Amino acid sequence: MPAQLPTRFETREPTARPATQRNNAFAQARQIERNGATDQALQRYQDLLKSGAQFAELYHRLAVCNDKLGRMEHSLPYYQKALAMQPNNIDLLCDYGFRLHLVKQTAEAERVFVQSLQYAPRHSRTHNNLAMLLAQSNRVDQAMHHFQMAGLNAQQARHNATKAMQAANIQP
């Protein structure tokens, strides 16, 4: 009777499975977030973090969920960790700039948006967020330019600039 040889796959399977499970768990949490259940998504992301997962997109999503739930003080450390891992991530920079704008750190927000546009000059979401910031700073001509770079026509850009200025109590 021939001796049975061990298979090579026995040693690889246990290490591959947790990564696959984490990827699946992250994808599920992301879908929950897209469906609007931000608090549930946040819990799923936190569970992933507790399980030992550490990657930039996880920290990014933790930050964004905290922002969406109005927990701005909780989002900053997650943004910092994500940015340390991926300092040139355009979506991350855009979201971080938006967070800075929300907490009235306007100059820093503008700097982050401009940095983001250096990496991706056609990133429409960054142009839109920068345009909102500029309009709320009464820099209408610059805001109009960035709204149009975001893909809006002149009439849509004027409408958005007016709304942004009204939100900042600036008379258009």
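Residues numbered from 1 in each chain as written. Predicted model: local features only at pLDDT ≥ 70, side-chain atom pairs only at ≥ 80, totals over all residues. Heavy atoms only, no water.

A. Just the nonpolar core, in detail. In terms of nonpolar packing, the biggest core is built from 40 residues, with Tyr45, Leu58 and Leu62 touching the most fellow members. Apart from residues lying up to four places away in sequence, Leu58 is in contact with Phe26, Tyr45, Leu48, Leu49 and Ala53. (Core = buried A, V, L, I, M, F, W, Y, C linked by side-chain atoms within 4.5 Å. Buried < 20%, exposed > 50% of the residue type's maximum accessible area, 1.4 Å probe, protein only. Contact = heavy atoms within 4.5 Å.)

B. View of the packing of aromatic side chains. Counted according to the given criterion, the structure contains 4 aromatic pairs. A ring pair is formed by Tyr59 and Tyr78, whose centres lie 6.4 Å apart and whose planes are at 20 degrees; its orientation type is stacked. Note that Tyr59 is positioned in helix α3 (residues 56–68) and Tyr78 in helix α4 (residues 72–85), a separation of 19 residues in sequence. Residue classification places Tyr78 among the buried positions, given a relative accessible area of 17%. Ring centres of Tyr79 and Tyr96 lie 5.4 Å apart, and the angle between their planes is 50 degrees; on these two criteria the pair is classed as tilted. In this pair, Tyr79 sits in helix α4 while Tyr96 sits in helix α5 (residues 90–102), placing the two residues 17 residues apart along the sequence. Through pairs of rings, three or more aromatic residues link up here, namely Phe26, Tyr45 and Phe55. (Phe/Tyr/Trp six-rings, centres within 6.5 Å; stacked < 30°, edge-to-face > 60°. Helix = DSSP H or I, 4+ residues; strand = E, 2+ residues; numbered from the N terminus.)

C. Region of the structure containing the confidence of the model for the chain. With 90% of its residues at a pLDDT of 70 or more, the chain has an overall mean of 90. pLDDT under 50 marks residues 1–17. Its contacts with residues more than four places away, or in other chains, come to 0 contacts. (pLDDT = per-residue confidence, 0-100.)

D. Summary view of the packing of α5 against helix α6 (residues 106–119). Taken N-terminus to C-terminus, the directions of α5 and α6 make an angle of 165 degrees; their axes are 8 Å apart at the nearest point. One element, α5, and the other, α6, form an angle in the roughly antiparallel class. The hand of the α5/α6 crossing is left-handed. Counted together, Ile90, Leu93, Cys94, Tyr96, Gly97, Phe98, Leu100 and His101 of α5 and Glu108, Ala109, Val112, Phe113, Gln115, Ser116 and Tyr119 of α6 form the full contact between these two elements. Taken together, the residues that form the contact of α5 with α6 break down as 10 nonpolar, 4 polar and 1 charged. (Axes fitted to C-alpha atoms, helices over the stretch in contact; angles between N-to-C directions. Parallel < 35°, antiparallel > 145°, perpendicular 65-115°, else oblique. Left-handed = near helix turned anticlockwise from the far one by under 90°. Nonpolar A, V, L, I, M, F, W, Y, C, P; charged D, E, K, R; others polar.)

E. Local environment of the pattern of salt bridges. Tallied over the full model, the rule gives 7 salt bridges. A salt bridge links Arg30 to Glu33, with the nearest nitrogen and oxygen atoms 3.3 Å apart. In this pair, Arg30 and Glu33 are both assigned in helix α1 (residues 9–34), 3 residues apart and thus about one turn of the helix distant. Among the residues examined, Glu33 registers a relative accessible area of 3% and is labelled buried. Two residues, Glu108 and Arg111, come together in a salt bridge whose shortest N-O distance is 2.6 Å. Of this pair, Glu108 and Arg111 are both found in helix α6, 3 residues apart, which corresponds to roughly one turn of the helix. A relative accessible area of 30% means that Glu108 is categorised as partly exposed. (Salt bridge = Lys/Arg side-chain N within 4 Å of Asp/Glu carboxyl O.)

F. Quick look at the side chain of His101. By the secondary structure assignment, His101 is in helix α5. Beyond its immediate stretch of four places on either side in the chain, His101 contacts Ala109, Leu133 and Gln136.

G. Looking closely at unusual backbone geometry. Within the chain, Lys104 stands out as a residue other than glycine whose phi angle is a positive 65 degrees. Following the sequence through the fold, Lys104 ends up in the loop between α5 and α6. With relative accessibility at 70%, the residue Lys104 sits in the exposed group.

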